[in-house]
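Spelled out from the first residue to the last, the chains are:
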There are 2 protein chains.
Amino acid sequence: MSRDWGSLFDVDADPADLLEHFDTEWFRGRRYRHLSDERHGIERGTALVGDAVVRGYPSMPRALVLEPAVRETFEGPVAIEEKLNGYNVRVARIDGDLLAFTRSGFVCPYTTRKVEALLDAEAFFDDHPEHMLCGELVGPENPYTDHDYSEVEEVGFYVFGIRHRESGTPMGVERRLDRCETYGLDSVDHYGTYTPAAAVDVARERIDDLNARDREGVVLKSTDGKTALKYTTSAIHRADLEHAFELPFDYGRDFVFTRVIREAFQAVERGESPATIRERAQELGEAILQPAVETIRAVDRGDPVGETHTVRGDPKTIADLLSYFRDQGLELHIERDETDGNQRVVTFTKVAQSTRDKTRYYLEGGTIDE
Amino acid sequence: MSRDWGSLFDVDADPADLLEHFDTEWFRGRRYRHLSDERHGIERGTALVGDAVVRGYPSMPRALVLEPAVRETFEGPVAIEEKLNGYNVRVARIDGDLLAFTRSGFVCPYTTRKVEALLDAEAFFDDHPEHMLCGELVGPENPYTDHDYSEVEEVGFYVFGIRHRESGTPMGVERRLDRCETYGLDSVDHYGTYTPAAAVDVARERIDDLNARDREGVVLKSTDGKTALKYTTSAIHRADLEHAFELPFDYGRDFVFTRVIREAFQAVERGESPATIRERAQELGEAILQPAVETIRAVDRGDPVGETHTVRGDPKTIADLLSYFRDQGLELHIERDETDGNQRVVTFTKVAQSTRDKTRYYLEGGTIDE
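Residues numbered from 1 in each chain as written. Chains lettered and ligands numbered in written order. Predicted model: local features only at pLDDT ≥ 70, side-chain atom pairs only at ≥ 80, totals over all residues. Heavy atoms only, no water.

A. Quick peek at helix 8 (residues 234-246) of chain A. Taking 1.5 Å of rise per residue, the 13 residues of helix 8 of chain A would be expected to cover 18 Å, and the 18 Å separating its terminal C-alpha atoms lies within 8% of that figure. Burial in helix 8 of chain A covers these residues: Ser234(A), Ala235(A), Ile236(A), His237(A), Arg238(A), Asp240(A), Leu241(A), Ala244(A) and Phe245(A). On its buried side, helix 8 of chain A packs onto helix 7 (196-212), strand 13 (228-232), helix 9 (248-269) and helix 10 (274-301) of chain A together with helix 9 (248-269) of chain B. (Helix = DSSP H or I, 4+ residues; strand = E, 2+ residues; numbered from the N terminus. Expected span 1.5 Å × (residues − 1). Buried < 20%, exposed > 50% of the residue type's maximum accessible area, 1.4 Å probe, protein only. Contact = heavy atoms within 4.5 Å.)

B. Representation of the pattern of salt bridges within the structure. Residues and elements named next belong to chain A. Taken as a whole, this structure holds 62 salt bridges over all chains when the rule is applied. Between Glu 82 and Arg 215 there is a salt bridge, and its shortest N-O distance comes to 2.7 Å. Residue Glu 82 is found in strand 6 (residues 78-83), and its partner Arg 215 is found in the loop between helix 7 and strand 12 (217-222); the two are separated by 133 residues along the sequence. A single burial state applies to Glu 82 and to Arg 215, both of which are buried. The shortest N-O distance in the salt bridge between Arg 204 and Glu 269 comes to 2.6 Å. Residue Arg 204 is located in helix 7, and its partner Glu 269 is located in helix 9; the two are separated by 65 residues in the primary sequence. Residue class for Arg 204 comes out partly exposed when judged on its relative accessible area of 34%. Residues joined in a network through salt bridges with shared partners are Asp 208, Glu 263, Arg 270, Glu 272 and Arg 280. (Salt bridge = Lys/Arg side-chain N within 4 Å of Asp/Glu carboxyl O.)

C. A look at the interface of chain B and chain A. The interface is formed by 54 residues belonging to chain B together with 55 residues belonging to chain A. Of the roughly 4700 Å² buried where chain B meets chain A, counting both sides, 71% is carbon and sulfur surface. It is Phe257(B), Leu289(B) and Glu370(B) that lose the most area in chain B upon contact with chain A, and together they represent 15% of the buried surface on that side. Applying the counting rule to chain B against chain A returns four salt bridges. Note that Glu286(B) and Arg278(A) form a salt bridge whose closest N and O atoms lie 3.4 Å from each other. (Buried area = accessible area lost by both parts, 1.4 Å probe.)

D. Main features of the packing of helix 9 of chain B against helix 12 (residues 353-363) of chain B. Residue and element names in this part refer to chain B. Contact geometry of helix 9 with helix 12 gives a least axis separation of 7 Å together with a crossing angle of 100 degrees. Here helix 9 is positioned roughly perpendicular relative to helix 12, judged by the angle of their axes. Where helix 9 approaches helix 12, its residues Pro 248, Phe 249 and Asp 250 are matched on the opposing element by Gln 353, Ser 354, Thr 355, Lys 358, Thr 359 and Tyr 362. For the contact of helix 9 with helix 12, a count of residues per class yields three nonpolar, four polar and two charged. (Axes fitted to C-alpha atoms, helices over the stretch in contact; angles between N-to-C directions. Parallel < 35°, antiparallel > 145°, perpendicular 65-115°, else oblique. Nonpolar A, V, L, I, M, F, W, Y, C, P; charged D, E, K, R; others polar.)

E. Representation of the nonpolar core within the structure. Counting 62 residues, the largest nonpolar core has Phe245(A), Phe265(A), Ile288(A), Phe245(B), Phe265(B) and Ile288(B) as the members making the most contacts within it. Ala92(B), Ala121(B), Phe157(B) and Leu332(B) belong to the second largest nonpolar core, which has 57 residues in total. (Core = buried A, V, L, I, M, F, W, Y, C linked by side-chain atoms within 4.5 Å.)

F. Highlighting the domain arrangement of chain A. All names here are of chain A. Once the domains are mapped, chain A shows domain 1 (7-232), domain 2 (234-301) and domain 3 (306-351). For domain 1 and domain 3, the distance between their C-alpha centres works out to 26 Å. Contacts between the two partners involve 14 residues from domain 1 and, on the opposite side, 14 residues from domain 3. Across the interface of domain 1 and domain 3, roughly 1100 Å² is buried in total on both sides, 56% from carbon and sulfur atoms. On inspection of domain 1 and its partner domain 3, the count reaches two salt bridges. Of the charged contacts, one joins Arg 312 and Glu 141 as a salt bridge, the two residues approaching to 2.7 Å between their closest N and O atoms. If you look at where domain 1 meets domain 3, you find nine residue pairs in polar contact (both at pLDDT 80 or more). For the side of domain 1 that touches domain 3, a count of residues per class yields seven nonpolar, two polar and five charged. (Domains from an automatic or database assignment. Polar contact = N/O pair within 3.5 Å; in protein donor to acceptor, adjacent residues only side chain to side chain.)

G. Quick look at the relation of the copies chain B and chain A. For the pair chain B and chain A, the relating rotation is 180 degrees, the translation along its axis is 0.0 Å, and the fit reaches an RMSD of 0.0 Å. In the structure described here, the two chain copies are related by an operation that fits a two-fold rotation axis. In this assembly the copies share their binding face: 100% of the residues contributing to the interface of chain B also contribute to that of chain A. (Least-squares fit on C-alpha atoms with pLDDT ≥ 70 in both.)

H. Representation of the side chain of Arg163(B) in the model. Residue and element names in this part refer to chain B. Within the fold, Arg 163 resides in strand 10 (residues 156-164). With no salt bridge to any partner, buried Arg 163 finds its closest opposite charge in Glu 43, at an N-O distance of 6.3 Å. Looking at Arg 163, its side chain comes within polar contact range of the main-chain oxygen of Gly 168, at 2.8 Å. Residues contacting Arg 163, with those up to four places away along its chain left out, are Tyr 57, Pro 58, Glu 130, His 131, Met 132, Cys 134, Gly 168, Thr 169, Pro 170 and Gly 225. (Lys, Arg positive; Asp, Glu negative; His and termini not counted.)

I. Seen up close, the sheet that holds strand 8 (residues 97-101) of chain A. Residues and elements named next belong to chain A. Ordered in space as 8-7-9-10, the four strands form an open sheet in which the pairing is antiparallel. Each edge of the sheet is formed by a strand with only one pairing partner; in this case those strands are strand 8 and strand 10 (156-164). The sheet shows a mean angle of 30 degrees between the axes of neighbouring strands, direction not considered. Pairing geometry for strand 9 (residues 131-138) and strand 10, over eight bridges, is antiparallel. Bridge pairing in strand 10 places Gly 135 opposite Val 159. Contacting strand 7 (87-94), strand 8, strand 9 and strand 10, helix 4 (residues 109-118) crosses the sheet at an angle of about 125 degrees to strand 8. (Pairing = 2+ DSSP bridges.)

J. Structural view of the sheet that holds strand 2 (residues 30-34) of chain A. Residues and elements named next belong to chain A. The four strands are arranged 1-2-3-4 in an open sheet whose pairing can be described as antiparallel. With partners counted over all chains shown, the strands left at the sheet margins are strand 1 (23-27) and strand 4 (52-54), one partner each. Sheet twist, expressed as the mean angle between neighbouring strand axes with direction ignored, is 25 degrees.

K. The arrangement of the packing of aromatic side chains in detail. For the coordinates displayed, the defined rule picks out 28 aromatic pairs over all chains. A ring pair is formed by Phe106(B) and Tyr324(B), whose centres lie 4.1 Å apart and whose planes are at 15 degrees; its orientation type is stacked. Of this pair, Phe106(B) sits in the loop between strand 8 (97-101) and helix 4 (109-118) while Tyr324(B) sits in helix 11 (residues 315-327); the two residues are 218 residues apart in sequence, bridging distant segments of the chain. An identical accessibility class is assigned to Phe106(B) and Tyr324(B); each is buried. Here a set of aromatic residues connected by ring pairs shows up, and it is made of Tyr87(A), Phe106(A), Tyr144(A), Tyr324(A), Phe325(A) and Phe348(A). (Phe/Tyr/Trp six-rings, centres within 6.5 Å; stacked < 30°, edge-to-face > 60°.)

L. Quick peek at the environment of Arg312(A). Residue and element names in this part refer to chain A. Secondary-structure assignment places Arg 312 in strand 14 (residues 306-313). Spatially, the C-alpha atoms of Arg 312 and Ile 207 are 33 Å apart, while their sequence positions differ by 105 residues. If we skip the residues at most four places from it in the chain, Arg 312 touches Tyr 110, Lys 114, Glu 141, Glu 154, Ile 318, Asp 340, Gln 343, Arg 344 and Val 345. A polar atom in the side chain of Arg 312 sits 2.8 Å from the side chain of Asp 340.

M. Looking closely at the side chain of Glu307(A). Residues and elements named next belong to chain A. Position of Glu 307 relative to the elements: it lies in strand 14. A polar contact of 3.4 Å, which involves the side chain of Glu 307, links it to the side chain of His 243. When residues no more than four places from it in sequence are discounted, the contact partners of Glu 307 are Tyr 144, His 243, Leu 247, Tyr 251, Phe 348, Thr 349 and Lys 350.

N. Focus on unusual backbone geometry. At His40(A), a residue that is not glycine, the phi angle is positive and equals roughly 50 degrees. Residues other than glycine seldom take positive phi values, yet Asp95(B) does so here, at roughly 50 degrees. Relative to the elements of secondary structure, Asp95(B) occurs in the loop between strand 7 (87-94) and strand 8. For Asp95(B), a relative accessible area of 62% puts it in the exposed group.

Right under this line is the structure:
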């Protein structure tokens, strides 16, 4: 590792200081480093594989009130695309190997294998060796998130960005869409490019439609791909809350306030009537309380509580993935473990220890000082 | 200040170290110190007035599931009393003066004046000079909290504890009730003393009744007054949330998770049906979202947002109180300022700066990284 990392990342820090913030991991016998949290202005998820740099995907600002946020954020044309609810993956080809990086810069063996199977990206990387594909991995069979999309049977990868791997500079929207088409890569849905004022109206219509179909939301982008803004549906706010309050002591505290705030500003921007707000409020309450009650009852019965996922792949990949989670300190509860042809299909629960232990403590008469 | 504070508080710390955690304040030309946060195991709210010590009122554990918590907490008879929704005040007589300490140990000039007017406690303190009265100050006219109790027209002080001022040791429940009766002091409602098993049933019945009347909850106590447990109604959880989400960016984040958890465990302990849980959930959602929407709309209209209180008293006391709040950095918006006989009656709003500023920021198109 002989490169001048300080000047590459355009930071003043001593290279050794910089590198000590990176975690070291191994993938298929190869050592690499990744940055789990933003440091010195370098994006979270930035990874160093040998001399190759894979820049993290930047966090995207969120609008709470769409119209003024679009007006303040964009000066020129605005492209609108669907925001999918999966997990953010960057795919790069380094020394001939396709590698899939999760948001934190971890090279996920399961995702890498899925991407190898899903993507025919050799032609793209032959022509664009210095670029990476940024996309959403979605579908029911993945070890991180679960959201059903009717069009995705097992797993799908939808490109929403193509960036220079080392600098992170995005390709413009039109060119990126063209590259996806040329190389046969799936893209997220693109709803067209509009003036900022028109973009607000189109985004609102799309949000209504996506909300009705229980999908997540939209991303608005400047045509050079450099400026982006996300805005989400009430359906995803409720889905997030349901998910969080299934494991209240693991996720509830962080999730609930932000989602309530999104709902409140959305109701105000839409100028909703008292009756509509009441209905929105009631649905919000149901999304919060009902899963929490179900989970407390499950703990009371002694059932395992946690996030349940199904993964499918060659036995080695599945074994590696499960070991990786266990090495991270996760307690796994295997619900089903089957063989389908030459593939192993495992349904497992990442046991939510905090929710299980705290719930049990209160059910047994534990008290709280608040 | 020549006393050996370390040995008095039974801590190892150097007296100078101990004292530096205390804030210095003045009341009617007299300097005193108080501890705003627990330190070295000394209760928050402990105050030093000259050589006199006024121990803080200890924080009280809360049951989330009543039956097991009562079983785990109590071995002998359990007294049940009403928990009122006002603010915790300790009244002590020091060098002949009645002083009223708020939870943090601040000698509140307004509360002191109210207590002087309300309480005829001279006989009590003549006979018990080393004790203090611990009670709840309730009623619509106070500068801290507002909860309407039909029996309280302006302000009331209800004793729930009598403690040794320096050691904090509580008087037993029966004796305390007897002292209140003897000296004509109002007490919180006492519902009797029971075996732990019977106490659970009585507390549940009382909670149902208090909930139906929108009151806060119960406190269960060992007869020596040393062990206590609180448990609250769904009505107060919702009222807390309504209050918090009127000022979401000031209080919402801290309040919402804890109240949701209380509701969830209460629903489980009561074995509620899906329909009842759904109703509880809907009411919870309404308590959260509706006030947040109202506040965003108020900020949008340019109306002041914050907690509104009415105070009544002699002009000097009212002026002192308002200066005290302003000195603390609070921005006050005076809604009404009238004279009623020789009393000044002021209705003011403690402007919720965080809610106002953040709401305005988002309404003007500000974005958020999450």
